[in-house]
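Take a look at the letters that make up each chain.
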Amino acid sequence: MSQERLNRVLVGPIVSEKSTMLADKNNQIAFRVVKDATKKEVKDAVELLFKVQVESVQVINLKGKQKRFGRFEGRRSDVRKAYVCLKPGQDINFAQEVK
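Residues numbered from 1 in each chain as written. Predicted model: local features only at pLDDT ≥ 70, side-chain atom pairs only at ≥ 80, totals over all residues. Heavy atoms only, no water.

As recorded by an unreviewed UniProt entry, the protein carries the name Large ribosomal subunit protein uL23 and is attributed to Mesosutterella multiformis. As its UniProt record puts it under Function (unreviewed entry), the protein is described as follows: "One of the early assembly proteins it binds 23S rRNA. One of the proteins that surrounds the polypeptide exit tunnel on the outside of the ribosome. Forms the main docking site for trigger factor binding to the ribosome." Its UniProt record gives the protein a comment under Sequence similarities (unreviewed entry), which states: "Belongs to the universal ribosomal protein uL23 family." (UniProt positions renumbered as here; feature names shortened; annotations may be inferred.)

See the structure below:
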């Protein structure tokens with residue numbers, strides 16, 4: 001895998017109450033990833049960008065909801081999430097990573 005591809009795999013972290021609870025309880029971090037990303041690519045991208053060791057990766061595809069905007073029907077876009085479990089003693093601090 002090329003380094004260019006690995007830099008594009010992660011779209012961004014998911015920061016919510018649920019993801020914060022997962023990070024505290026299970027040492028897992030949630031990311032939005034591109035639609036064609038594999039578990040191996042996500043693992044390699046996290047290890048490359050954040051210099052941590054990854055234990056496992058779970059990937060989920062969420063279908064976009066049907067929504068209504070006034071009289072117009074619409075649909076939210078589909079999202080692919082990756083839950084990355086870090087090895088014990090590893091941690092990602094997003095506030096520190098931003099330059």
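Moving on to the pattern of salt bridges. The tally for this structure, following the rule as stated, stands at five salt bridges. Its salt-bridge partner being D36, residue R5 comes within 3.3 Å of it at the nearest N-O pair. Placement of R5 in helix α1 (residues 3-9) and of D36 in the loop between β2 (28-33) and α3 (39-50) is noted, with a sequence separation of 31 residues between them. Note that E41 and R5 form a salt bridge whose closest N and O atoms lie 3.0 Å from each other. Separated by 36 residues along the polypeptide, E41 in helix α3 and R5 in helix α1 bring together distant segments of the chain. Classification of E41 as buried rests on a relative accessible area of 10%. (Salt bridge = Lys/Arg side-chain N within 4 Å of Asp/Glu carboxyl O. Helix = DSSP H or I, 4+ residues; strand = E, 2+ residues; numbered from the N terminus. Buried < 20%, exposed > 50% of the residue type's maximum accessible area, 1.4 Å probe, protein only.)

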